[in-house]
Amino acid sequence: MWRKVVILFAAFFCLSLVFPSCKKKRNPVGSSALSSDDIMNSSVVDTFQLKTSTVEEDSIPSMDRPFNLLGSYNDEIYGKVNANFYTQLTLSGFSPDFGNLNQVAIDSVIMAFEYGGYYGDLTEQLFEVYEITDELTRDSTYLRSATSNVASQQLVPTANNEGLILPDPLNGAIVGSDTLTPQLRIPLDTIFGRNLLTLAQNATNDDDFLQNFKGLHFKVNNGFQSAGEGTVLYLATTRAASKLTVYYASNGEKGSYDFIVNGSAVDYNHVETDYAGTRVEQVINDPSFGQEEFYAQSFSSRAKIEMSGLDSLPKDIIIHQATLELPVDYYKGSNFYPSSEVFVTTDVSGDGNKTSIYSGTASVLYSSTKKSYVIDLRKYIQNVVQGIYPNTGLFVSPKNFNTTVERIIFNGPNTQNKKKPKLSVVYTML
């Protein structure tokens with residue numbers, strides 16, 4: 001049986017080559033790859049154009065994420081990013097006995113968060129904390145734009161600018177003579193700490209405590225930041241080192257009591273991205289500008305790649321290889337690094353819901369040597385050709401889309417950079 005092997009290179013230049021055809025006796029149906037001889041003896045090389053753009057999203061769930069996000073930065077490409085969060089605190093022990101609290105001296109109150117990472121440039125930030133007045137409930141849907149009402153009192157002392165802190169996620173925290181895991185340590189008002197001890201002493205369980213204390217809102221108040229300045233911290237609030245500790249003295253003896261964020265506590269991130277006046281806004285409003293450069297950012301936007309040329313492929317083919325390479329614009333050493341992994345999805349039903357083109361939670365790794373993401377599209381394009389998937393395009397976004405604030409700058413087809421996006425497809429006619 002004769003067959004024709006066809007290779008398509010979807011780069012962004014025209015190319016036409018012809019090689020001698022080949023003869024094989026093996027039936028190609030079910031084959032997933034070709035030998036190097038088959039590829040070299042291909043008979044047709046063709047080209048088609050891709051369309052690249054950026055789409056913005058807002059309804060991003062933000063409750064119970066692996067990290068709580070806190071901080072802000074200003075990106076010359078993406079604009080301003082500001083992250084803050086709301087969380088409940090729970091008791092480390094029920095009905096603690098502090099004796100007569102009128103005779104207890106509060107030494108200090110420290111809110112400690114173990115670092116889980118950070119994104120941006122480590123600079124001083126002004127941290128603020130407020131008590132939540134709304135009840136946080138587990139059956140609520142908290143999106144990245146959600147907010148809760150808070151009391152007016154700022155709980156971080158201001159007499160000595162205590163809230164102005166330089167985060168240090170790379171070195172252990174020194175507390176007395178101990179070196180602890182790297183952590184952000186925010187001092188809080190001692191009167192507030194005394195009130196917490198009173199509530200804890202009168203509570204027999206977490207529900208009792210949360211009836212009277214709804215939780216805390218953590219934010220930053222950084223004012224103006226220059227382009228490239230600032231960072232967003234990833235705080236591991238459920239780890240053992242993350243806790244609010246009230247240090248006190250009673251009858252000459254020192255003691256402490258912890259308030260923790262356990263798995264039952266409700267928490268959610270509030271993330272603001274301001275694209276006003278940026279290139280990202282320009283591409284979102286006019287997708288044609290995405291041919292030069294297009295973007296993806298956690299909690300906000302996804303890169304979109306449309307491949308209309310797939311509709312012209314013959315229907316009776318077997319896809320053997322299909323690779324989409326997406327180069328990025330990134331210089332080594334920048335604090336705004338591309339995501340180490342991305343998800344690739346498509347809109348199968350046309351309702352805006354994204355479906356992974358791979359089974360399970362498989363993702364695509366960033367290649368630091370190629371400075372690009374190389375995506376295997378063999379099964380996806382086979383499904384498009386067979387009509388299983390509509391040819392509505394692909395969406396690429398950071399794997400931790402609603403956990404981090406990472407962003408990616410992709411080279412478009414008309415980029416001035418050396419590397420351009422490229423799609424290569426190898427198929428066999430039945």
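Residues numbered from 1 in each chain as written. Predicted model: local features only at pLDDT ≥ 70, side-chain atom pairs only at ≥ 80, totals over all residues. Heavy atoms only, no water.

(A) Main features of the environment of S145. Residue position: S145 is located in the loop between β8 (125-131) and β9 (164-165). Exposure remark for S145: the relative accessible area of 38% places this residue in the partly exposed category. (Helix = DSSP H or I, 4+ residues; strand = E, 2+ residues; numbered from the N terminus. Buried < 20%, exposed > 50% of the residue type's maximum accessible area, 1.4 Å probe, protein only.)

(B) The pairing of strand β27 (residues 422-429), seen in detail. Across the eight residues that make up β27, a large majority, six, are buried. Note that strand β20 (residues 317-327) and β27 share eight bridges and pair antiparallel. The residue of β27 that forms the bridge with A322 is V425. (Pairing = 2+ DSSP bridges.)

(C) Region of the structure containing unusual backbone geometry. Positioned with a positive phi, N161 is a non-glycine residue whose angle comes to about 55 degrees. You can see N161 is positioned in the loop between β8 and β9. A positive phi angle, close to 70 degrees, is found at F299, a residue other than glycine. Tracing the chain through its elements places F299 in the loop between β18 (293-297) and β19 (301-306).

(D) Expanded view of the confidence of the model for the protein. Here the protein averages 87 in pLDDT, while 89% of its residues score no lower than 70. Long-range and interchain partners of residues 1-32, a stretch whose pLDDT sits below 50, account for 100 contacts in this model, where long-range means more than four residues apart. (pLDDT = per-residue confidence, 0-100. Contact = heavy atoms within 4.5 Å.)

(E) Up close: the nonpolar core. Counting residues in each nonpolar core, the largest one holds 40 residues, and the members touching the most others are L184, I186, L188, L244 and F259. A322, Y366, L394 and L423 belong to the second-largest nonpolar core, a separate cluster that totals 35 residues. (Core = buried A, V, L, I, M, F, W, Y, C linked by side-chain atoms within 4.5 Å.)

(F) Expanded view of helix α5 (residues 378-385). Buried residues dominate α5, accounting for six of its eight residues. Buried residues of α5: Y380, I381, Q382, N383, V384 and V385, and no others. If you follow the buried residues of α5, they end up packed against β20, β21 (341-346), β25 (394-398) and β27. Looking one or two residues beyond α5, the residue adopting positive phi is G387, at roughly 80 degrees.

(G) Layout of the pattern of salt bridges. Per the counting criterion, the structure on display carries 11 salt bridges. Between R138 and D64 there is a salt bridge, and its shortest N-O distance comes to 2.4 Å. Taken as a pair, R138 in the loop between β8 and β9 and D64 in the loop between β3 (51-56) and β4 (68-75) lie far apart in primary sequence, 74 residues in all. According to the relative accessible area criterion, R138 is partly exposed, its value standing at 38%. Among the residues examined, D64 registers a relative accessible area of 32% and is labelled partly exposed. Here R239 and E114 are joined by a salt bridge, their closest N and O atoms 3.3 Å apart. Of the two residues, R239 sits in the loop between β14 (230-236) and β15 (243-250) while E114 sits in strand β7 (residues 104-120), which places them 125 residues apart along the sequence. (Salt bridge = Lys/Arg side-chain N within 4 Å of Asp/Glu carboxyl O.)

(H) Quick peek at the side chain of R407. Relative to the assigned elements, R407 resides in strand β26 (residues 407-411). Within the structure, the side chain of R407 is placed 3.3 Å from the backbone oxygen of F336, a separation counted as a polar contact. Not counting residues up to four positions away in its chain, the partners in contact with R407 are D75, Y78, Y119, A296, Q297, F336, Y337 and P338. (Polar contact = N/O pair within 3.5 Å; in protein donor to acceptor, adjacent residues only side chain to side chain.)

(I) A look at the packing of aromatic side chains. Scanning the model with the defined rule gives 23 aromatic pairs in all. Taking the centre distance of 4.3 Å and the plane angle of 5 degrees together, the rings of Y142 and Y268 count as stacked. In this pair, Y142 is assigned in the loop between β8 and β9 and Y268 in strand β17 (residues 267-274), connecting sequence segments 126 residues apart. A single burial state applies to Y142 and to Y268, both of which are buried. Arranged with centres 5.9 Å apart and planes meeting at 45 degrees, the rings of Y380 and Y389 form a pair that is tilted. (Phe/Tyr/Trp six-rings, centres within 6.5 Å; stacked < 30°, edge-to-face > 60°.)

(J) The side chain of T123, seen in detail. The topology assignment puts T123 in the loop between β7 and β8. Assessed through its relative accessible area of 17%, T123 is described here as buried.

(K) Just helix α2 (residues 190-201), in detail. Here α2 spans 17 Å end to end across 12 residues, near enough to the 16 Å set by a 1.5 Å rise per residue. Buried within α2 we find F192, G193, L196, L197 and A200. Angular distribution of buried residues about the axis of α2 spans 145 degrees; they occupy a single face of the element. Capping the start of α2, D189 holds a side-chain oxygen 3.1 Å from the backbone nitrogen of I191, two or three residues further along. (Expected span 1.5 Å × (residues − 1). Arc of directions from axis to C-beta.)

(L) Local environment of the pairing of β8. Most of β8 sits inside the fold, with five of its seven residues counted as buried. Note that β8 and β9 share two bridges and pair antiparallel. Paired with L126 across the two strands is L164, which belongs to β9. In this sheet, strand β13 (residues 216-220) lies alongside β8 in antiparallel orientation, the contact comprising five bridges. Looking at β13, one finds that E131 is bridged to L216.

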